[in-house]
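Understanding the architecture of this molecule
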Amino acid sequence: MNNLVNKMTSFIVMDVLERANQLQREGVDIVHLEVGEPDFDVPECVSKAANAAYHNHLTHYTHSLGDPDLREEIAKLYKREYNVEVSPDQIIVTAGSSPAILLTTILLCSEGSEIILSNPGYACYSNFVLGAHGVPVYVPLNASNGFQYSVEDIKSKITDKTVGIFINSPMNPTGTLLNPSFFKELASLGIPVISDEIYHGLVYEGKAHSILEYTDNAFVLNGFSKRFAMTGLRLGYLIAPKQYMPSIQKMGQNFLICASSVAQKAGIAALKDNKEYETKMRDTYNQRRLYMLERLRNMGFIIPTDPQGAFYVFADARKFTDNSLKFAFDVLEKAHVGITPGVDFGTNGEGYVRFSYANSIERIKEGLDRIEKLIVNNYSLFTPH
């Protein structure tokens with residue numbers, strides 16, 4: 001077996017989800033607060049466009065970069081929301097944002113190349129870097145500064161092997177937004193920035209900024225799963241500097257062929273006709289966010305910074321545990337609620353747990369009631385030792 005695979009970690013939230021699903025098959029009622037998947041159905045315009053694509057037999061290969069109409073709409077989105085000019089020829093459409101990450105890391109990395117990541121941060125980033133024969137280099141983020149990146153800390157990690165800096169705003173798992181001043185400083189470093197903007201459109205406080213507002217030396221990852229509740233349709237994209245597009249297209253032709261033609265037609269509808277539904281989803285998430293924040297704090301969890309975007313609360317659980325993995329599985333097995341252990345997001349996530357509010361307010365209430373009862377009745381189980 002390839003040694004790189006041995007270096008990779010499992011995606012722990014999927015371990016939790018798979019055990020939760022097993023319990024469900026055994027007849028146990030599980031409240032899912034672990035997985036980052038919208039509970040909404042796809043917008044009606046998306047459903048109609050997908051059905052029309054099937055009906056009209058639009059089920060063949062598309063251009064390897066993606067449907068030209070879809071790439072045009074993505075370019076319009078970045079002009080409309082960030083006032084940046086993106087050529088459709090700078091965009092490759094992928095089957096979700098994960099292949100976009102893979103293309104980017106393969107492009108940038110050679111043996112021993114370094115990519116700077118945050119700790120905590122999205123669990124899979126480091127494994128993409130490892131898969132591209134690169135080396136993940138971590139910058140610690142701390143509650144004391146609101147889990148914000150420090151440019152000075154990033155500078156201290158830069159070497160002659162550094163080929164990229166990974167950012168994510170709104171961030172998974174904390175829901176925090178990076179500051180505009182940080183983007184400006186980061187752009188001035190002259191190192192390619194890999195910006196995961198998958199949670200744009202799900203912002204409740206402040207404003208999400210694209211790295212493209214500050215530099216062209218960037219690779220932007222985005223998609224339709226979170227903002228448009230299209231997780232199963234597997235549709236994402238990468239925006240890259242023009243000089244890299246021939247290489248990216250070559251990799252896309254070989255590794256991906258193209259994204260689903262039907263999903264791409266649905267994506268066009270999402271970008272053109274979905275504003276009202278998108279606003280409704282965002283308002284509903286915000287109501288859940290505010291409810292969850294209040295309940296968790298009343299239960300004794302410490303939340304150093306309110307999430308400004310995405311649909312997660314990253315809560316300090318050290319009052320109850322010194323082992324977030326054990327705590328998460330205790331909550332699953334005893335309270336029948338799925339939550340994500342903070343250690344899934346890096347060593348600086350230990351002692352924290354992530355709650356997703358991508359579930360109905362009724363189920364969120366039920367899940368938090370169960371956790372509260374468990375804590376009250378079994379507090380000694382979770383006292384740090």
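What you see as residue numbers is a count from 1 along each chain, following the sequence as written. Predicted model: local features are reported for residues with pLDDT of at least 70 only, side-chain atom pairs are reported and counted for 80 or more only, and whole-chain, interface and lining totals are derived from all residues. Excluding hydrogens and water, the side-chain figures rest on all heavy atoms present in the structure.

Moving on, we get to the confidence of the model for the protein. On a range of 0 to 100, pLDDT expresses the predictor's confidence in each residue. Here the protein shows a mean pLDDT of 94. Residues at 70 or above account for 98%. This stretch, residues 381–385, has a pLDDT under 50; its non-local contacts, to residues over four places away or in other chains, come to 14 contacts. When checking whether two residues touch, look at their non-hydrogen atoms; a contact exists if any pair is within 4.5 Å.

As a further point, take the sheet that holds strand β11 (residues 340–341). Across the sheet, which stays open at both edges, the 3 strands sit in the order β9-β12-β11 with antiparallel pairing between neighbours. Each edge of the sheet is formed by a strand with only one pairing partner; in this case those strands are β9 (312–316) and β11. The pairing criterion for strands is at least two bridges between them, as found by DSSP. A helix here means a DSSP run of H or I that spans at least four residues, while a strand means a run of E at least two residues long, and both kinds are numbered starting from the N terminus. The sheet contact formed by β11 and strand β12 (residues 352–356) spans 2 bridges and is antiparallel. Across the sheet, residue Thr340 finds its bridge partner in β12, namely Arg354.

Before going further, it helps to spend a moment on the pattern of salt bridges. In what follows, salt bridge is the name for a side-chain nitrogen of Lys or Arg lying within 4 Å of a carboxyl oxygen of Asp or Glu. Overall, the coordinates contain 22 salt bridges when judged by the stated rule. Note that Lys48 is salt-bridged to Glu44, the shortest N-O span being 3.3 Å. Remark: Glu44 and Lys48 occur in helix α3 (residues 44–55); sequence separation between them is 4 residues, near one turn of the helix. Between Glu85 and Lys79 there is a salt bridge, and its shortest N-O distance comes to 3.0 Å. The classification of residues rests on relative accessible area computed with a 1.4 Å probe and restricted to protein chains. Under 20% of the type maximum is buried, over 50% is exposed, and intermediate values are partly exposed. What makes Glu85 exposed here is its relative accessible area of 62%. Taking the relative accessible area as the measure of exposure, Lys79 reaches 35% and is therefore partly exposed. Beyond isolated ion pairs, a larger network of salt bridges with shared partners links Asp29, Arg363, Glu366 and Arg370.

The description of an aromatic ring pair rests on the distance of the ring centres and on the angle between the ring planes. Ring pairs are drawn from Phe, Tyr and Trp, using the six-membered ring of Trp, whenever the two centres fall within 6.5 Å, and their geometry is named by plane angle: stacked under 30 degrees, edge-to-face over 60, tilted for the rest. In total, this model carries 25 aromatic pairs according to the counting rule given. The interplanar angle of 70° and the centroid separation of 5.8 Å between the aromatic rings of Phe147 and Phe314 together place this pair among those described as edge-to-face. With Phe147 in the loop between β4 (135–140) and α7 (151–157) and Phe314 in strand β9, this residue pair connects regions lying 167 residues apart in the sequence. Phe314 carries the same exposure label as Phe147, and that label is buried. Ring centres 5.3 Å apart and planes at 45° place the aromatic pair Phe219 and Tyr244 in the tilted group. Here Phe219, found in strand β7 (residues 218–223), pairs with Tyr244, found in the loop between β8 (236–239) and α9 (245–255); they are 25 residues apart in sequence, far enough to count as distant. For Phe219, a relative accessible area of 0% puts it in the buried group. Through a chain of ring-to-ring contacts, three or more aromatic side chains come together here, namely Phe40, Tyr199, Tyr277, Tyr285, Phe311 and Tyr312.

Another point: helix α2 (residues 12–25). When the terminal C-alpha atoms of α2 are compared, their 20 Å separation across 14 residues agrees well with the 20 Å that a helix rising 1.5 Å per residue should span. By the burial criterion, the buried members of α2 are Ile12, Val13, Val16, Leu17, Ala20 and Leu23. Relative to the axis of α2, the buried residues are bounded by an arc of 145° and lie together on one face. Summarising the contacts, the buried residues of α2 are in contact with β1 (31–32), α12 (324–335), β10 (337–338), β11 and β12. One less than the number of residues in a helix, times 1.5 Å, gives the span that helix is expected to have. Comment: arc refers to directions from the helix axis out to C-beta atoms.

The subject of this paragraph is the sheet that holds β7. Sheet architecture is open: 7 strands sit in the order β2-β8-β7-β6-β5-β3-β4, paired in mixed fashion. If you trace the sheet from one side to the other, it starts and ends with β2 (91–94) and β4, each paired once. On average, each strand axis in the sheet is tilted by 20° relative to the strand beside it, whichever way the strands run. Here β7 pairs with β8 via 4 bridges, running antiparallel. Residue pairing in the sheet places Gly223 in a bridge with Gly236 of β8. Every axis corresponds to a line fitted to the C-alpha atoms, with the helix fit spanning only the stretch in contact, and the corresponding angles, defined between N-to-C directions, vary from 0 to 180 degrees. Strand contacts of helix α5 (residues 97–108): β2, β3 (114–119), β5 (162–168), β6 (193–196), β7 and β8, with the helix running at about 165° to β7, the strand carrying the most contacts.

This next bit is on the packing of α3 against helix α10 (residues 261–273). Between α3 and α10, whose axes approach to 8 Å, the crossing angle comes to 145°. Here α3 runs over α10; the crossing is right-handed. Here Cys45, Val46, Ala49, Ala50, Ala53 and Tyr54 of α3 lie close against α10, whose contacting residues are Val262, Lys265, Ala266, Ala269, Ala270 and Asp273. Crossings are assigned a handedness: left-handed for a near helix turned anticlockwise from the far helix by less than a right angle, right-handed for a clockwise turn.

So, about unusual backbone geometry. Each neighbour pair has its own omega, and for Asn119 with Pro120 the value is 10°, a cis peptide bond. Following the sequence through the fold, Pro120 ends up in the loop between β3 and α6 (125–131). With an omega dihedral of -5°, the bond running from Ser169 to Pro170 counts as a cis peptide bond. Position of Pro170 among the secondary structure elements: in the loop between β5 and α8 (180–187). A positive phi is found at His133, a non-glycine position, where the angle reads about 70°. For His133, a relative accessible area of 35% translates into the label partly exposed.

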